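Spelled out from the first residue to the last, the chains are:
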Amino acid sequence: MSAVDNKIQGRLALITGASGGIGAACARDLAANSARLALTYSTNKGSLDSVIDELGSKHSDLKLSSHQCDVAKEADLQRLFDEVKHDHGQHPDILVVNAGYGKRVSNILDISLEEWDYTINVNLRSSFIITKLAVPHMLGQHWGRVIYISSIAAGGTSINGCHYSASKAGVQGLSKNLANKMGKSGITFNDVAPAMITGTGMIPTEEDLIGTPGDPKGIPVGRSGRTEECAGVVTMLCRTGYMTGQSILVSGGLK
Ligand SMILES: NC(=O)c1ccc[n+]([C@@H]2O[C@H](COP(=O)([O-])OP(=O)(O)OC[C@H]3O[C@@H](n4cnc5c(N)ncnc54)[C@H](OP(=O)(O)O)[C@@H]3O)[C@@H](O)[C@H]2O)c1
C-alpha cells in the first residue's frame with residue numbers, strides 16, 4: 001500500500017478574507033498546526049494587521065504574509081498570486097476560499113440587478129478565478145486542498161435573499177464538479193457551509209439574530225456558532241485526503 005500524505009506542517013495556506021471572523025479563525029487554527037500563511041484583506045487592513053501581530057507573537061518561526069485583494073477584481077487575484085510567489089517562493093498548497101459578501105436583503109423584489117451581479121462576482125466568479133490560479137501548482141506536486149466557505153443558504157435556508165443563496169449554491173456546484181473531475185489529481189475540493197456564526201462582520205453578536213429566522217431559540221443546539229468551530233472543520237479537511245466533494249454543514253443542527 002502506498003503511503004498517504006496528510007501532513008500540513010510547513011504547507012503554505014492562502015486564506016482570503018482573513019480580516020474577517022471565520023477567515024481569522026482559520027488562520028489561527030492552521031498556524032497552530034504549523035502551516036505557513038498568506039492572508040488577505042480587502043478594506044479592513046487594521047483587522048488583518050492585528051491577526052498577523054497575534055500570530056507572529058505566538059508562532060515566532062512561522063512565515064506569514066499579508067495581501068490586499070478585492071476578489072471582485074480579476075487583476076487583484078492575479079497580483080495576489082504573484083505576491084504570494086514572491087513572498088513564499090511558491091503558490092499555495094492549501095486554498096481557503098473564504099472572502100464573501102452578503103448584504104441582507106431577503107425579498108426578491110428588493111434585490112437589484114446590481115446587487116445580484118456584485119454578490120455573484122464576489123462569492124462565485126472569484127471562486128472560479130482563484131481556483132484556476134491555484135490548481136497548476138497543486139497538480140504539479142499531486143497534492144492540494146481547496147476548501148470553500150459556502151453557506152447553509154446554498155440549500156435555501158437563509159436569513160438572506162436568493163442572490164446570496166444562488167451564489168453559495170454555485171460555489172458548492174463548482175466544488176463538487178472539480179472533486180469529481182479531478183479526483184485522481186491529489187487535490188481535494190470540499191466546502192464548509194456555516195450558519196449563524198457570531199463574532200463575524202456578518203453577524204457580530206447573538207443579539208443580531210433575535211427575531212430573525214436564525215434566532216438562537218430555533219437552532220437545535222440552542223446557541224449560535226463560533227468562528228473556531230468552522231476553522232476546526234477546515235483544518236480537518238486539510239488533514240483528510242480521503243474526503244472530497246463534500247459539503248459540511250456547521251449549523252448547530254439547522255438544515
Ligand atoms: N457568519 C456566518 O454565519 C456565515 C454563514 C454562512 C456563510 N458565511 C460565509 O463565511 C465567509 C466569511 O464571512 P464571516 O462570517 O467571517 O464575515 P466577515 O467577518 O464579515 O468576513 C468577511 C470577509 O470577506 C472579505 N471580503 C468581503 N468582500 C470582499 C471582496 N470584495 N474582496 C475580498 N475580500 C472581501 C472581508 O474583507 P474586509 O473586511 O477586509 O473588507 C472579510 O475579511 C463568507 O464567505 C460568508 O459568506 C458566514
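Rules used in this analysis
Residues numbered from 1 in each chain as written. Predicted model: local features only at pLDDT ≥ 70, side-chain atom pairs only at ≥ 80, totals over all residues. UniProt positions renumbered as here; feature names shortened; annotations may be inferred. Near = placed C-beta within 6 Å. Helix = DSSP H or I, 4+ residues; strand = E, 2+ residues; numbered from the N terminus. Nonpolar A, V, L, I, M, F, W, Y, C, P; charged D, E, K, R; others polar. Pairing = 2+ DSSP bridges. Axes fitted to C-alpha atoms, helices over the stretch in contact; angles between N-to-C directions. Core = buried A, V, L, I, M, F, W, Y, C linked by C-beta atoms within 7 Å. Buried ≥ 20, exposed ≤ 12 C-beta atoms within 10 Å, placed from the backbone. Contact = placed C-beta atoms within 7 Å. Expected span 1.5 Å × (residues − 1). Arc of directions from axis to C-beta.

A UniProt comment under Sequence similarities (unreviewed entry) is attached to the protein, and it reads "Belongs to the short-chain dehydrogenases/reductases (SDR) family."

What follows covers the site of the ligand. Taken together, 31 residues surround the ligand, and among them Gly17, Gly20, Gly100, Thr200 and Gly201 come closest. Considering every element that reaches the shell around the ligand, the biggest residue donor is helix H1 (residues 21-32), with three residues. Along the lines of polarity and charge, the residues of the shell around the ligand split into 15 nonpolar, 15 polar and one charged.

Whenever strands of a sheet pair, they do so through backbone hydrogen bonds, lying parallel or antiparallel. In spatial order, the strands read E3-E2-E1-E4-E5-E6-E9; together these seven strands make up an open sheet with parallel pairing. Edge positions in the sheet fall to strand E3 (64-68) and strand E9 (247-250), since each of these pairs with one other strand and no more. Adjacent strand axes in the sheet meet at a mean angle of 15 degrees, parallel and antiparallel pairs treated alike. Across four bridges, strand E4 (residues 94-97) lies against strand E5 (residues 144-149) in parallel orientation.

Take the nonpolar core next. Residues Ala27 and Val234 are the most contacted members of the largest nonpolar core, which totals 69 residues. If you tally residues by element for this core, the top one is H1, at seven residues. Once residues within four sequence positions are removed from consideration, Val234 is found in contact with Cys26, Asp29, Val96, Ile147 and Val192.

In this section: helix H5 (residues 162-181). Taking 1.5 Å per residue as the helical rise, H5 with its 20 residues ought to reach 28 Å, and the 28 Å between its terminal C-alpha atoms agrees with that figure. For H5, the set of buried residues is His163, Tyr164, Ser165, Ser167, Lys168, Val171, Gln172, Leu174, Ser175, Leu178 and Ala179. Buried residues belonging to H5 abut helix H4 (113-141), E5, strand E6 (187-194) and E9.

Note that Ile248 resides in strand E9. Residue Ile248 is classed as partly exposed on the basis of its 18 C-beta neighbours within 10 Å. The spacing of Ile248 and Lys132 is 116 residues in sequence and 23 Å in space, taken between C-alpha atoms. Residues within four places of Ile248 in sequence aside, it is in contact with Asn190, Val192, Ala193 and Val233.

As a further point, take helix H3 (residues 74-88). Every α-helix carries 3.6 residues per turn, so stepping three or four residues along brings you back to the same face. Along its 15 residues, H3 runs 21 Å from first to last C-alpha, staying within 8% of the 21 Å computed at 1.5 Å per residue. What H3 keeps buried is the set Leu77, Leu80 and Val84. Taken end-on, H3 shows its buried residues confined to a sector of 50 degrees, consistent with a single buried face. Exposed residues pointing more than 90 degrees away from the buried face of H3 are listed as Ala75 and His86. On its buried face, H3 is in contact with strand E1 (12-15), strand E2 (36-41), E3 and H4. Just downstream of H3, Gly89 is the residue with a positive phi angle, here 75 degrees.

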